[in-house]
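The primary structure of each chain is shown beneath.
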Amino acid sequence: MPQPETAFAHRDLLGIAGLSATDIALILDEAEGWIGFNRGKRKADDRLRGLTQINAFFENSTRTLFSFEIAGKRLGAQVSNFRPEESSVKKGESLTDTALTLGAMRPDVVVIRHEAVGAAVDVARVLDCPVINAGDGTGEHPTQALLDALTIRRHLGRLDGVKVTICGDIRHSRVAGSNMLSLPLMGAEVRVAAPPSLMPDSLPDGIAAYEDFDAALAGADIVMMLRIQRERMATAFPDSTEDYHAAYGLTHQRLARHAPNALVMHPGPMNRDVEISGELADDPERSLILEQVEMGVAVRMACLDLLTRARRT
Amino acid sequence: MPQPETAFAHRDLLGIAGLSATDIALILDEAEGWIGFNRGKRKADDRLRGLTQINAFFENSTRTLFSFEIAGKRLGAQVSNFRPEESSVKKGESLTDTALTLGAMRPDVVVIRHEAVGAAVDVARVLDCPVINAGDGTGEHPTQALLDALTIRRHLGRLDGVKVTICGDIRHSRVAGSNMLSLPLMGAEVRVAAPPSLMPDSLPDGIAAYEDFDAALAGADIVMMLRIQRERMATAFPDSTEDYHAAYGLTHQRLARHAPNALVMHPGPMNRDVEISGELADDPERSLILEQVEMGVAVRMACLDLLTRARRT
Amino acid sequence: MPQPETAFAHRDLLGIAGLSATDIALILDEAEGWIGFNRGKRKADDRLRGLTQINAFFENSTRTLFSFEIAGKRLGAQVSNFRPEESSVKKGESLTDTALTLGAMRPDVVVIRHEAVGAAVDVARVLDCPVINAGDGTGEHPTQALLDALTIRRHLGRLDGVKVTICGDIRHSRVAGSNMLSLPLMGAEVRVAAPPSLMPDSLPDGIAAYEDFDAALAGADIVMMLRIQRERMATAFPDSTEDYHAAYGLTHQRLARHAPNALVMHPGPMNRDVEISGELADDPERSLILEQVEMGVAVRMACLDLLTRARRT
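Note that the structure is predicted; figures quoted are calculated from it, not measured. (Residues numbered from 1 in each chain as written. Chains lettered and ligands numbered in written order. Predicted model: local features only at pLDDT ≥ 70, side-chain atom pairs only at ≥ 80, totals over all residues. Heavy atoms only, no water.)

(A) Highlighting the environment of Y210(C). Residue and element names in this part refer to chain C. Among the secondary structure elements, Y210 is positioned in strand β7 (residues 208-210). Residue classification places Y210 among the partly exposed residues on the basis of a relative accessible area of 25%. Sequence separation between Y210 and P196 is 14 residues; the distance between their C-alpha atoms is 9.0 Å. Those residues in contact with Y210 that sit more than four places away from it in its chain are R191, V192, A193, A194, M199, A215 and A216. (Helix = DSSP H or I, 4+ residues; strand = E, 2+ residues; numbered from the N terminus. Buried < 20%, exposed > 50% of the residue type's maximum accessible area, 1.4 Å probe, protein only. Contact = heavy atoms within 4.5 Å.)

This is how it looks when you write it as structure tokens:
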């Protein structure tokens, strides 16, 4: 288990933007320490004992919420899930008012998911405690990028020089957004592939854009497939999901032709046989999808631990 | 409090099918030990401290969910309720994919409720940890049958030779299904009563079927009334609930005539004055309904404790 | 932190009615002890360790539910939220049946919110454990009145002789109802202001009623604004919310004219610029709104602690 000694230079985790390569390496190193803890015969850890963790999820995301809930409880925190769908938010209360109300209850860390870009930044501005961005609209989703980085690093032994192809709705994906910041920072080479309507107007420096998925795949070590919203797919491929799958779906055949050694990732939940074949997703030799989920808990434990250290000493 | 010494021969609790009389007796004996604990001035028990219990309820059942939640917390577990109604399940994710995702978070025990027969078996097949079936469609509901057995044993001192009449929608009830396995295994004599449309096509060996409720009642020690779904009642009695109540409703009068010493059970929630008169349900001399709820917590504590012993030592 | 020595004369907290000034002072004194605890680097308190707290909220109130949940967890209780919207309540189970079912699970304290006046009293009648009323229809909301009293006492150093003006939907507000009992008991002078349709038919002894808000404000030390339901506002002011705001909305200008030193309170959530100007609500020199939220957690910790003492010794 990680020792509570290292200092983290930030009060909040609002995005990959603002983090240094050293920060990211620190989080990944600490997360490594939790993997064995989670897999083993657990003895309780209670470093967050007595601390209040609020998960304020203004947008449904059972998977991410659950990962943060389990992570906090494994550290001994008192975890409470705030469900705005049942609350005064419905009666028109602003995000800032809700955040101030939560803050008055004196939480020790707040995890926020919200449909608006910048929501986590707004909340952090009015709160006294650490804030973790669990996804803000089409903005950032830093813990997803961190768990992706950890998954890659564990399998390839490094991030530096790794060739990563990300494919799907690059335009609207916060997962892509955060990964396009974190991976290059750690020395990886990133290419993105999407139909023109799902490609953003501009990309961070050093990211190569491809309309042709096969070209983007050539020589990749890692292929990250993104969940495609059906309504957005219809913009690019009005005729059929089969056309989308033919152009941008990942299969064993496509991998064999263009990136025979690549490992496959997906943030979940998948549309089987749309962006990725079910057979490939289930192939334990190629798919890291479940390991991403596992790394998610470890990364979130590391973040919760690091961000609350100052409050505990 | 039960001592963590006894070994339980199974990794999972998927149904009464597969359990021996010895297994059932062990669970009931262990549950006995928790009754006093729950009634007393509780000191915390923390034998499941550090362990993650996931309650994955794909079907609403506040009562059963709550019983498992309280049971787990009383043992010190970190309990998290997975609410698929808000999740990717809605987006078409398969049960197996959801189970694998939950499994990647490294739970120590998963309690599952699902509308499909066999769901718990499917989930157990892909998970590394113990799985408890909290109801799978018209399949099994083993902890309900166990709490029923415990309730009877406490009141009559034995299960062997006890005459139990179960009445209601036998065809679709997993409560009936599990009890028709557990009670005969423990030596009880079971009769079931229902209108023809609510009687299954076949019954386990040794179960006697009656269309005439009064005949089924004759000499019963225990009468278990099942909740009747109004839409199903309408199949059997299209004209009125009064007709159903006249034919299959339990009252003090009916008991006095046919089973004057019988005690009354119901898994809840009741339709008062449909399958059972409110007056009878509330009669502390005859009704064991609330005690069933209490035994439910004790039985679930015993199951959670027994199934996680191998992980704790 | 409060010491578990003092005895509280009541098993339940069902309303301000029935409490003495000594009871209220005791709760406020104990709550004072939790304020610093909540603000500081928390070490865990576990005086409720092993105890089961059920929050049974039959009516949505995320804010109050959350406050009770956090309060219980900070004391080490095992807190479970019962969500009747997903339960057999929907299938027609009576409140008493639901309460008996919860009681059979042997909780140590039950917090209930319900839309019917008297619901908490009904539940307390059938349960063996302490019951806290978290709001019963237009009846009482005692912990809100207690947190209001604590907020005032901390700012003015006393309750005796303090002039409090409460404005809004006095007729339907349980917050007003409980405050009209608690504040006079503690020696405060209370005036209420509302349009005639929102004024109750009768008021407790000693409460002065005003149709003219400005007259009610004159010389006030504290102004409590109530949330106005838009459908009820329309009864009094069918033409516009602007008319309501002009007659009964609180602003800096109105305060400056009639109660230049008054502090402002609101139980939340606010309708900004309807019953209170957003600018005033946000003014840290005048508004105690967030402090009320903070005091809510402290008061609820005190109540949970006091009411469970008898079970713990």
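Picking up after the structure, the text goes on.
(B) Up close: the domain arrangement of chain A. Residue and element names in this part refer to chain A. Per the domain assignment, the segments making up chain A are domain 1 (21-140 + 293-312) and domain 2 (142-288). Using only C-alpha atoms to locate each centre, domain 1 and domain 2 end up separated by 26 Å. Every contact between the two is made by 28 residues of domain 1 and, on the other side, 21 residues of domain 2. Roughly 2100 Å² of surface becomes buried between domain 1 and domain 2 when both sides are summed, with 62% attributable to carbon and sulfur atoms. For domain 1, the biggest contributors to the area lost against domain 2 are I24, L28 and E140; these three give 28% of the whole. Our count for the domain 1 to domain 2 interface comes out at four salt bridges. R153 serves as the salt-bridge partner of D29, at 3.0 Å between the closest nitrogen and oxygen. Counting across the domain 1 and domain 2 interface gives six residue pairs in polar contact (both at pLDDT 80 or more). Of all the elements in the fold, those that place two or more residues in the side of domain 1 that touches domain 2 are α1 (21-39), α2 (62-74), β3 (109-114), β4 (131-136) and α12 (289-312). The element that contributes the greatest number of residues to the side of domain 1 that touches domain 2 is α1, accounting for ten residues. (Domains from an automatic or database assignment. Buried area = accessible area lost by both parts, 1.4 Å probe. Salt bridge = Lys/Arg side-chain N within 4 Å of Asp/Glu carboxyl O. Polar contact = N/O pair within 3.5 Å; in protein donor to acceptor, adjacent residues only side chain to side chain.)

(C) Representation of the pattern of salt bridges in the model. Residues and elements named next belong to chain A. By the definition in use, this model includes 72 salt bridges over all chains. With its nearest N and O atoms 3.3 Å apart, the salt bridge here joins D122 to R125. Residue D122 and its partner R125 are both found in helix α4 (residues 119-126); the two are separated by three residues, about one turn of the helix. Relative accessible area serves as the criterion here: at 33%, D122 is assigned to the partly exposed category. Here R309 ties to D305 by a salt bridge, and the two come within 2.8 Å at their closest N and O atoms. Note that R309 and D305 are positioned in helix α12 at a spacing of four residues, about one turn of the helix.

(D) View of the interface of chain B and chain A. On the chain A side, the residues contacting the 29 residues of chain B number 27 residues. Summed over both sides, the interface between chain B and chain A buries roughly 2500 Å², with carbon and sulfur atoms accounting for 50% of that surface. One can count three salt bridges joining chain B with chain A. For E294(A), the salt bridge goes to R106(B), with nearest N and O atoms at 3.0 Å. Summed over the shared surface of chain B and chain A, the result is ten residue pairs in polar contact (both at pLDDT 80 or more). Every element with two or more residues in the side of chain B that touches chain A is listed here: β1 (52-57), β2 (78-82), α3 (95-104) and α12 (289-312) of chain B. Class assignment for the residues of the side of chain B that touches chain A results in ten nonpolar, nine polar and ten charged. (Nonpolar A, V, L, I, M, F, W, Y, C, P; charged D, E, K, R; others polar.)

(E) Spatial organisation of the packing of helix α3 (residues 95-104) of chain A against α4(A). Residue and element names in this part refer to chain A. Packing of α3 against α4 leaves a shortest axis separation of 9 Å and a crossing angle of 45 degrees. Looking at the two axes, α3 sits oblique to α4. Note that α3 runs across α4; the crossing there is right-handed. Along the contact surface, α3 presents L95, T96, A99 and L100, while α4 presents A119, V123 and V126. In the contact of α3 with α4, the residues fall into six nonpolar, one polar and no charged. (Axes fitted to C-alpha atoms, helices over the stretch in contact; angles between N-to-C directions. Parallel < 35°, antiparallel > 145°, perpendicular 65-115°, else oblique. Left-handed = near helix turned anticlockwise from the far one by under 90°.)

(F) Molecular detail of the relation of the copies chain C and chain B. For the match of chain C to chain B, the screw axis carries a shift of 0.1 Å, the RMSD comes to 0.0 Å, and the turn is 120 degrees. Here the copies are linked by what is in effect a three-fold axis. Closest approach to the rotation axis within chain C is made by the C-alpha atom of Q78(C), at a distance of 5.9 Å. Comparing interface residues between copies, only 3% of those in chain C also sit at the interface in chain B, which points to a heterologous contact through distinct surfaces. (Least-squares fit on C-alpha atoms with pLDDT ≥ 70 in both.)

(G) The arrangement of the sheet that holds strand β6 (residues 189-193) of chain C in detail. Residue and element names in this part refer to chain C. Ordered in space as β7-β6-β5-β8-β9, the five strands form an open sheet in which the pairing is parallel. Both outer strands of the open sheet, β7 and β9 (263-265), are each paired with one neighbouring strand and no more. Pairwise comparison of adjacent strand axes, ignoring direction, gives a mean angle of 20 degrees for this sheet. Examined bridge by bridge, strand β5 (residues 163-167) and β6 share five bridges and lie parallel to one another. In the sheet register, V164 faces β6, and the bridge partner there is V190. (Pairing = 2+ DSSP bridges.)

(H) Broad picture of the relation of the copies chain B and chain A. The transformation that overlays chain B on chain A combines an axial shift of 0.0 Å with a rotation of 120 degrees, and the residual RMSD is 0.0 Å. By residue overlap, the copies meet through two different surfaces: only 3% of the interface positions of chain B are interface positions in chain A.

(I) Expanded view of the UniProt feature "binding site: L-aspartate" (unreviewed entry) in chain A. Residue and element names in this part refer to chain A. Within the UniProt annotation, "binding site: L-aspartate" (unreviewed entry) is assigned to K91, R174 and R227. Along the chain, R174 turns up in helix α6 (residues 174-185). Given the relative accessible area of 12%, R174 is considered buried. Not counting residues within four places of it along the chain, the set of residues in contact with R174 comprises E59, R113, H114, G135, D136, G137, T138, G139, E140 and H141. (UniProt positions renumbered as here; feature names shortened; annotations may be inferred.)

(J) Structural context of the packing of aromatic side chains. By the definition in use, this model includes 21 aromatic pairs over all chains. Between F66(A) and F82(B), the ring centres sit 5.4 Å apart and the planes meet at 75 degrees, which makes this aromatic pair edge-to-face. Placement of the pair is F66(A) in helix α2 and F82(B) in strand β2, with the two residues belonging to separate chains. Judged by relative accessible area, F66(A) falls into the buried class, the value being 2%. A centroid spacing of 5.7 Å and a plane angle of 35 degrees characterise the contact between Y244(A) and Y248(A), whose relative ring orientation is tilted. (Phe/Tyr/Trp six-rings, centres within 6.5 Å; stacked < 30°, edge-to-face > 60°.)

(K) Region of interest: the interface of chain C and chain B. Between chain C and chain B, the contact holds 29 residues from the first and 27 residues from the second. Between chain C and chain B lies a buried interface of about 2500 Å² when both sides are counted; carbon and sulfur atoms form 50% of it. Here chain C is connected to chain B by three salt bridges. Salt-bridge contacts for D46(B) lead to R49(C); the nearest nitrogen and oxygen are separated by 3.9 Å. Where chain C touches chain B, the interface holds nine residue pairs in polar contact (both at pLDDT 80 or more). When residues of the side of chain C that touches chain B are traced back to their parent elements, those giving at least two are β1 (52-57), β2 (78-82), α3 (95-104) and α12 (289-312) of chain C.

(L) Highlighting helix α6 (residues 174-185) of chain B. All names here are of chain B. Here α6 contains twelve residues, and its C-alpha end-to-end distance of 17 Å stays within 8% of the 16 Å for a straight helix at 1.5 Å per residue. Of all twelve residues in α6, nine are buried, a share of seventy percent or more. Within α6 the residues assigned to the buried category are R174, V175, A176, G177, S178, N179, M180, S182 and L183. By the N-cap criterion, in which a side-chain oxygen at the helix start approaches the backbone nitrogen of a residue two or three places on, α6 is capped by S173, the distance to V175 being 3.1 Å. G187 lies just past α6 and shows a positive phi near 95 degrees. (Expected span 1.5 Å × (residues − 1).)

(M) The environment of D282(C), seen in detail. All names here are of chain C. With respect to the secondary-structure elements, D282 resides in the loop between α11 (278-281) and α12. Judged by relative accessible area, which is 45%, D282 ranks as partly exposed. When the C-alpha positions of D282 and W34 are compared, they lie 25 Å apart, and in sequence the two are 248 residues distant. A polar side-chain atom of D282 sits 2.8 Å from a polar atom in the side chain of R272.

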